[in-house]
Structure formats: structure tokens, C-alpha cells
Amino acid sequence: MIGRRRQPLDDRGALLEHMLKTVEDERALIAHRLHDGPQQLLTAIRLLADGVRHAMEDGEADRAREGLDRLERAAVEASDELRQMTARLYPRW
Amino acid sequence: MSSSQEAERSDERLTEQVRVLIVDDHAAVREGVKMILARDREIAVIGESSNGEAAIEMAERRRPDVILMDVRMRGMDGFEATRRITAAHPSMAVILYTAHGERGLLSEGLDCGARGYVLKDAPPDDIVRAVKRVAEGGAYVDPTLASELVSPKATERLPSLSTREREILGLLANGFSNPEIASRLFISPETVRTHVRNAMTKLEADTRTQAVALALRHSLIE
């Protein structure tokens, strides 16, 4: 009797465990993508901004312009990656 | 050695540029680092690689003095590449350049033969400082991590537990069960078991209790 009644509970437990595992896998994937994409690009943007400031202080206009072009591309890339991730998380946004 | 000899040696050093290889799987990060290093005339960036295998080949071919190496890369990671490069070319200095500031990773990196460890959120000038320091034969560890090296805890060889593993062992030490830990951390009991198992392997513990005791003894948890 007890054994029969426990069965559905065990199924629910297994289902819950599976759901939690799925949610956690998704969270791990998001963390990985955030680290690998936008976070790296923001590191690059910070370095490039610092490089451009020094180039300007040194009067090296070409190097500064080149740095700004690269900085802009990195910002566009970061923005694209975040947009893609947002769409994956909640498509209507 | 007299001070005049030392002065001569440092003058010689100034006449040569430090040859640097940049290894990172993000082109934008490589560009940023290059821009930071370009402003110092004593430093020349002689190459770039986007993964460990390419870095080994480039190191062989271009013979840099210093290699600035990312840790997490697709394919061969920075630790393995560092191990191979420093084994084959002991004169080359590798600086690990990473977003991860955990003590375990720092220990692992230094074990691999790296002579420097710079965090990606450090002020950009620190990269220049680190390159020059290791090129002169010294070592450089990010100031926020340097205290870890001189603390009594670090004098023993510590296993590198992840933040999650430490968190879970800490909860076990406080008497929580696997299901309780799972619901507290919003993860599945299966994942809790995996973390505990991994921590036991790292600590070379036969039981959960032994793992908790070892972690407490090494001050890996409080």
C-alpha cells in the first residue's frame, strides 16, 4: 500500500530534479557565454579606451583613430552578442 | 656584484626591446593589449596567437622574451600551453592574463611555470609593469592576489576548490543535507553530489566527513 502511494511522489521528485538540472545547465551556459563574449569585449574596450587616451596625449592622431575604430567595433560586437542572448532568454524582448 | 656592474647590465637591457607574444582567443582583447604595450618604446609586440597550440608554434618560431597568455581558450588552454612552452624554453617568461582571481587558479598557474599573473580588470598600466618585471628575470603577481601568496594558508600546497565546492562543503560543515543544500542553492541534488565528489577527489578524501575536515584544516572553508 505504502509502496504504491510512494510511486507518484518519486516520479514527481525525479521530474523536479530533472527540471532543476535543466535550469542549472541553462544558467551555466548563460554564465559561460557572458564570460566568453561581452565580458571579454568589455575588457578590450577598457584597454582600447586607455590606449586611445595615451595616443592622444602623445599627439599620435593615427594611432588614436585606429584605436577608436577598433573600440567602436568591439562595442558593436558586445551589443550584438547581448541582443542575441536576450532573444534566447526571452524572445519577445 | 658591484653597483657599477649592475648599472651596466641595466643599460644593456635598455638598448634592447622586450619581445612580446600575445595569446588570447579574442581579437579585440589582443588589439587592446597591443595598444597598451605599443606606448612603451622598450616593448615590441612580435606576434599574436588565438589558442595554445598556435602559441607553442609561434614561441618556437619567433622566440619572444615574454608571452602574455589568456587561460581559458578554445582548444588547448593557457595552463597547458604554459607548461609546454616553459619546459621547452625555460628562458621565456609567461604571464597569465585572466579574468579569474581565485587562489587555486593562481597556484595552478604558477605550478605550470608562469612567472606572472595579471587580472583582466587590473589597471592597464599593470600589463606594462608585469612585462618589464618578468623580462628582467623577476616575477609579477597582481597586487590583489599577492597577499594570498604570503599568507600562512598558502605556505602549504592547497588543492584548488571552486567557489561552488567551497560553498557546498561549508554548508555540509554546518550540518545541511544534500537536498537542503540543493534547495538553498537552487541546484539539483545530483549537482550537489557531483560537487561533493569533485571536492573529495581534489582533497584526496575517502569520505564526505574527511573532505569537510580537510577543507576546514586548510582554511578553505570557515
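Predicted model only: the values in this text are computed from it and were never measured.

### Topic: the overall build of chain B
And then number 1: Helix and strand counts for chain B stand at eleven helices and six strands.
And then number 2: The buried share of chain B, reckoned over its 222 residues, is 37%.
And then number 3: Pairs at least 24 residues apart make up 61% of the contacts formed inside chain B by residues separated by at least 6 positions.

### Some words on the sheet that holds strand β5 (residues 116–119) of chain B
All names here are of chain B.
And then number 1: A sheet is described by the order of its strands in space; here six strands give the open sequence β2-β1-β3-β4-β5-β6, paired in parallel fashion. Single-partner strands in this sheet number two, and they are β2 (43–49) and β6 (140–141).
And then number 2: Relative to β6, β5 runs parallel, the two being bridged by two bridges. When the bridges of β6 are listed, G116 appears paired with Y140.
And then number 3: Packed on one face of the sheet, helix α3 (residues 52–62) meets β1 (18–23), β2 and β3 (66–69) and runs near 135° to β2.

### Looking at the interface of chain B and chain A
And then number 1: The partner chain A presents 20 residues to the 17 residues of chain B that form the contact.
And then number 2: Among the secondary structure elements, those contributing two or more residues to the side of chain B that touches chain A are α2 (27–38) and α10 (189–203) of chain B.
And then number 3: Top element by residues in the side of chain B that touches chain A is α2 of chain B. It accounts for seven residues.
And then number 4: The class makeup of the residues in the side of chain B that touches chain A is nine nonpolar, four polar and four charged.

### A word on the packing of α10 of chain B against helix α11 (residues 208–217) of chain B
Residue and element names in this part refer to chain B.
And then number 1: Direction vectors running N to C along α10 and α11 enclose 65°, while the axes themselves pass 9 Å from each other. For the crossing formed where α10 meets α11, the hand is left-handed. From α10, V196, A199, M200 and L203 reach across to α11, where they touch R208, A211, L214 and A215.
And then number 2: For the contact of α10 with α11, a count of residues per class yields seven nonpolar, no polar and one charged.

### Digging into the nonpolar core
And then number 1: V20, V66, I67, L68, M69, I95 and V131 of chain B are the most contacted members of the largest nonpolar core, which has 52 residues in total.
And then number 2: Among the elements that line this core, the one with the most residues is helix α1 (residues 2–57) of chain A, at seven residues.
And then number 3: Look past the residues within four positions of I95 of chain B in its chain and what remains in contact with it is V66, L68, M69, A114, R115, G116, V118, A130, V131, V134 and Y140 of chain B.
And then number 4: Counting residues in hydrophobic clusters, the runner-up holds 16 residues, among them I168, V192, L203 and L220 of chain B.

### Brief notes about unusual backbone geometry
Residue and element names in this part refer to chain B.
And then number 1: Here R63, not a glycine, exhibits a phi torsion of approximately 45°, which is positive.
And then number 2: Structurally, R63 can be placed in the loop between α3 and β3.
And then number 3: R63 sits in the partly exposed class, given 14 other C-beta atoms within 10 Å.
And then number 4: The backbone of E204 sits at a positive phi, close to 55°, despite the residue not being glycine.
And then number 5: Within the secondary structure, E204 sits in the loop between α10 and α11.

Rules used throughout
- Counting from 1, residues in each chain are numbered in the order their sequence is written.
- In the order they appear in the text, chains get letters beginning with A and ligands get numbers beginning with 1.
- Where totals are concerned, whole chains, interfaces and linings use all residues; where local detail is concerned, this predicted model gives features only for residues with pLDDT of at least 70, and gives and counts side-chain atom pairs only at 80 or more.
- Working definition: helices are DSSP H or I runs of at least four residues, strands are E runs of at least two. Numbering for both runs from the N terminus.
- Whether a residue is buried, exposed or partly exposed is read from the other C-beta atoms within 10 Å of its own C-beta, which are placed from the backbone; 20 or more gives buried, 12 or fewer gives exposed, and intermediate counts give partly exposed.
- Contact between two residues is assigned when their C-beta atoms, built from the backbone, lie within 7 Å.
- What makes two strands pair is DSSP finding at least two bridges between them.
- Here an axis means a line fitted to C-alpha atoms, over the contact stretch when the element is a helix, while the angle between two N-to-C directions is reported on a 0 to 180 degree scale.
- In this count, Pro and Cys sit with the nonpolar residues alongside Ala, Val, Leu, Ile, Met, Phe, Trp and Tyr, while Asp, Glu, Lys and Arg are called charged and the others, Gly among them, polar.
- In a left-handed crossing the near helix is turned counterclockwise from the far helix by less than a right angle, and in a right-handed crossing that turn is clockwise.
- Buried Ala, Val, Leu, Ile, Met, Phe, Trp, Tyr and Cys residues whose C-beta atoms connect them within 7 Å together make up a nonpolar core.

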